Amino acid sequence: MSVTFKHNILTRVKAELSLFFIETFELKELREDVEDLCKLLKKSLFFYTPEQGGRLICKLYKGKNEVNKIENFNRNRKNLECPLEELLTRLNNEPPLKDISNTSIPLNSIIIASGISLDQPQLSQSVIEGVACGKYTQNKLTFICAGPLLEVPEELNRYATILKYDLPTAEEILEALYMEMSKLKDGMDAKAQKKGEKAPEDRWFLDESKLREISEQLIGMTILEAKNTFKLSVVSFPGDTDLHRVMPLVKEQKMEIIRKSHSCSIVPDEDLPYREDLGGFDRLIDFVKVRASAFTPEAVKQHIDPPRGIILFGLPGTGKSMAARTIGRLLNLPVIMMDINSIFNSYIGVSETRMKQELARVDALDGCVLILNEADKVFPTEHSDTEDGGVAKRVFGVLLNWLQEHKSKTVTIATMNNAEGIPPEFLRAGRFDAIFFSGLPTAKERQEILQAHFRKRNSRVILNDEDWIEILAKTEHFVGSELEMIVIDSRYISFTNRGTSVPTKEEILQVISQRKPLYEFQKAKMDKLLEGYSEKALPTGY
């Protein structure tokens, strides 16, 4: 339990606040910590789960383990078959006794309910009756709803205390790994003794420095995930303490968290462009190179703030997504793409929960580049409340809060075409490090883009300075994707005409003459976009 969380819940329980929603993936650890709290405050502790129609189990009685009273309570059918509605009715209507009976929850108790939902009117109303009418307070009852992705019904917001039980720190993971290593060793010793063999040497058990390094890499996992990953490394590399072999396995297990996602996907390493594959963007790349130093051990030692991210405006086809993936390569971090559309492809009321879930997965990596392509799709409109019941506004609120508060080393790249209508709170300092825009490429940048696409296809075009001047003069308003099509089409022509994939200047110019850039069809619209970019952002090139 973090010091902050311990202080928050202790003071609030002492102040007789009676309704809590605690968001956590660490239910076992939360239960253990609340058990310690009950012992300190001399309270009884009960667990409620909806399994088999509802089960109410007594864990502690007045901070003690009075075995007979607890066993009698836990054997009673009324507690083993207890629907949630019935439990809430009992809390409101049954006058608690000072002593525990076979059915009654005594005064001065804490109930932790996991895996439940209070969004049904009769359930939330029953809780309101207990809290607002002072019944819980009068009987010194504390009701805690706990789970990984909690939805607090709107009508309960005013009565509830909402806390977050954070994922474990490196020190907490280290302590868990020590215990796990000790259990593994005891198991191996017992197995050897049973066979009449000599106990294995301790040489494969990691020393503190190596175990601490692994613990640092496991940040973002739950205690269970961390222990399972550690055990997997022991089984995969028996007798091996080489961290260079263990660390890739840790990284792979973290990636597995993302693979379970419906809205996030991992960009394979082979799809991350190298700097030379990206024409232009010199200013942006120089900016990223400076920020990359924040991930060095020396920077961490000196508490240099990790970068938060970049907003990247740009005309369609200017290479925003490619630039974002290149940043992942430069920072040597895994790259995650979030499909914002899929966040909204769920039932009303679930979208914000899904956004929380996906961001929690990203946080678990504790170091990645998160690409939000077409991020403006998450912005609420002035008609959101009537069009979607406020879903877009709530999802946007979840994202805003995460951008401001997340502690993971996540670098967020938000790309979008339109600079108009962006909520000012999205651009607020502290959520992103800088705002850039990619407009029409300069002549130098167009040459770099064309050369990069020819090089990517192993076409060594032979063009002198005069050839380039002529080609660049005729591609003035072409963007990156249009320049790529010139390369592709000119190779078709050269291959058809001469059986080679290396086009001549004339063949390149032939393709250019047959194409018109989008800018020339939508000049007024494009100029307005460019004007909007220049008011809010720096150009990606010099």
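Anyway, here's the lowdown on the structure attached to this text. As a convention, each chain's residues are numbered from 1 in the sequence order in which they are written. Where totals are concerned, whole chains, interfaces and linings use all residues; where local detail is concerned, this predicted model gives features only for residues with pLDDT of at least 70, and gives and counts side-chain atom pairs only at 80 or more. The side-chain figures draw on all heavy atoms in the structure; neither hydrogens nor water molecules are used.

Topic: the overall build of the protein chain
Each helix is a run of H or I in the DSSP string that is no shorter than four residues. Each strand is a run of E no shorter than two, and both are numbered from the N terminus. A count of helices and strands for the protein chain gives 24 helices and 13 strands. With the principal axes as the frame, the protein chain shows a C-alpha extent of 95 × 70 × 45 Å. Partitioning the contacts of the protein chain with sequence separation of at least 6, the portion at a separation of at least 24 is 76%. Total accessible area computed for the protein chain in this model is approximately 27500 Å², and 51% of it derives from carbon and sulfur atoms. Contacts are residue-level and defined by heavy atoms, with any inter-residue pair within 4.5 Å sufficient. Areas reported here follow the Shrake-Rupley algorithm with a probe of radius 1.4 Å; residue values treat only the protein chains shown as occluding.

Digging into a negative patch on the surface
Where like charges cluster on the molecular surface, the negative patch consists of Asp119, Glu151, Glu154 and Glu155. Inspection of the secondary structure assignment puts Asp119 in the loop between strand 4 (109-114) and helix 6 (121-132). Nonpolar side chains (Val, Leu, Ile, Met, Phe, Trp, Tyr) are joined into patches within 5 Å and like charges within 9 Å, using only residues with over 30% relative accessible area and no salt bridge. Salt bridge criterion: a side-chain nitrogen from Lys or Arg within 4 Å of a carboxyl oxygen from Asp or Glu. As used throughout, the charge tally considers Lys and Arg to be positive and Asp and Glu to be negative, leaving His and the chain termini uncounted. By convention, the charge on Lys lies at NZ, on Arg at CZ, on Asp at CG and on Glu at CD.

Let's talk about the sheet that holds strand 6 (residues 161-164)
An order of 3-2-4-5-1-6 is seen for the 6 strands of this open sheet, with the pairing classed as mixed. Strands with a single pairing partner mark the edges of an open sheet, and in this sheet they are strand 3 (55-60) and strand 6. Averaged over all adjacent pairs, the angle separating strand axes in this sheet is 25°, with direction ignored. When strand 4 meets strand 5 (residues 141-147), the two strands line up parallel, connected through 6 bridges. Looking across to strand 5, one finds that Ile112 is bridged to Ile144. Sheet contacts for helix 1 (residues 3-14): strand 1 (19-23), strand 5 and strand 6; angle to strand 6, the most-contacted strand, approximately 160°. Should DSSP find at least two bridges between two strands, the strands are regarded as paired. Axes here mean lines fitted to C-alpha atoms, for a helix over just the part in contact, with angles spanning 0 to 180 degrees between N-to-C directions.

Here we look at the packing of aromatic side chains
Planes of paired rings set the category: under 30 degrees apart is stacked, over 60 is edge-to-face and the rest tilted, where pairs are Phe, Tyr or Trp rings (Trp by its six-membered ring) whose centres lie within 6.5 Å. As enumerated under the stated definition, the model contains 9 aromatic pairs in all. For the ring pair Phe379 and Phe396, a centre distance of 5.5 Å and an interplane angle of 80° mean the geometry is edge-to-face. Linking Phe379 in the loop between strand 10 (368-372) and helix 17 (384-387) with Phe396 in helix 18 (residues 391-405), this pair joins segments that are 17 residues apart in sequence. Accessibility here uses a 1.4 Å probe with only protein chains present; expressed as a share of the type maximum, an area under 20% marks a residue as buried, one over 50% as exposed, and anything in between as partly exposed. Among the residues examined, Phe379 registers a relative accessible area of 9% and is labelled buried. On the basis of relative accessible area, Phe396 is assigned to the buried category, the value being 3%. Aromatic ring contacts, followed pair by pair, group Phe379, Phe396, Phe426 and Phe432 into a single cluster. For a Lys NZ or an Arg CZ to count as sitting over a ring, it must be within 6 Å of the ring centre and within 35 degrees of the ring normal. It is Arg329 that lies over the ring of Tyr274; its NZ or CZ is 4.0 Å from the centre. Looking at Lys516, its charged tip hangs above the ring of Phe521, at a distance of 5.8 Å from the centre.

Examining the sheet that holds strand 10
In spatial order, the strands read 7-9-10-11-8-12-13; together these 7 strands make up an open sheet with mixed pairing. Only two strands of the sheet have a single partner each, and these edge strands are strand 7 (264-266) and strand 13 (538-539). Its contacts with the sheet put helix 24 (residues 523-536) on strand 8 (309-314) and strand 12 (434-438), and the angle it makes with strand 12 is roughly 155°.

Some words on the nonpolar core
Membership of the largest hydrophobic core comes to 42 residues, with the highest contact counts inside it found for Phe313, Met355, Leu399, Met416 and Phe426. The biggest single contributor to this core is helix 18, with 8 residues. The residues contacting Met355, other than those within four sequence positions of it, are Met338, Ile343, Val378, Val395, Val398 and Leu399. Only buried residues count toward a nonpolar core. Its members are Ala, Val, Leu, Ile, Met, Phe, Trp, Tyr and Cys residues joined through side-chain atoms within 4.5 Å. One finds Phe21, Phe46, Leu56 and Leu84 within the second-largest nonpolar core, a separate group that totals 32 residues.

A closer look at the side chain of Ser261
Relative to the assigned elements, Ser261 resides in the loop between helix 11 (243-259) and strand 7. We classify Ser261 as buried; its relative accessible area is 12%.

Some thoughts on helix 16 (residues 351-365)
Three- or four-residue spacings in an α-helix give side chains the same orientation, since the helix completes a turn every 3.6 residues. With 15 residues, helix 16 extends 22 Å from end C-alpha to end C-alpha; this agrees with the ideal 21 Å at 1.5 Å per step. Burial of helix 16 is extensive: 12 of the 15 residues sit out of reach of the surface. Regarding helix 16, the residues found buried are Ser351, Glu352, Thr353, Arg354, Met355, Glu358, Leu359, Arg361, Val362, Asp363, Ala364 and Leu365. Among the residues trailing helix 16, Asp366 stands out with phi positive, at a value near 50°. Each residue after the first adds 1.5 Å to the expected span of a helix.

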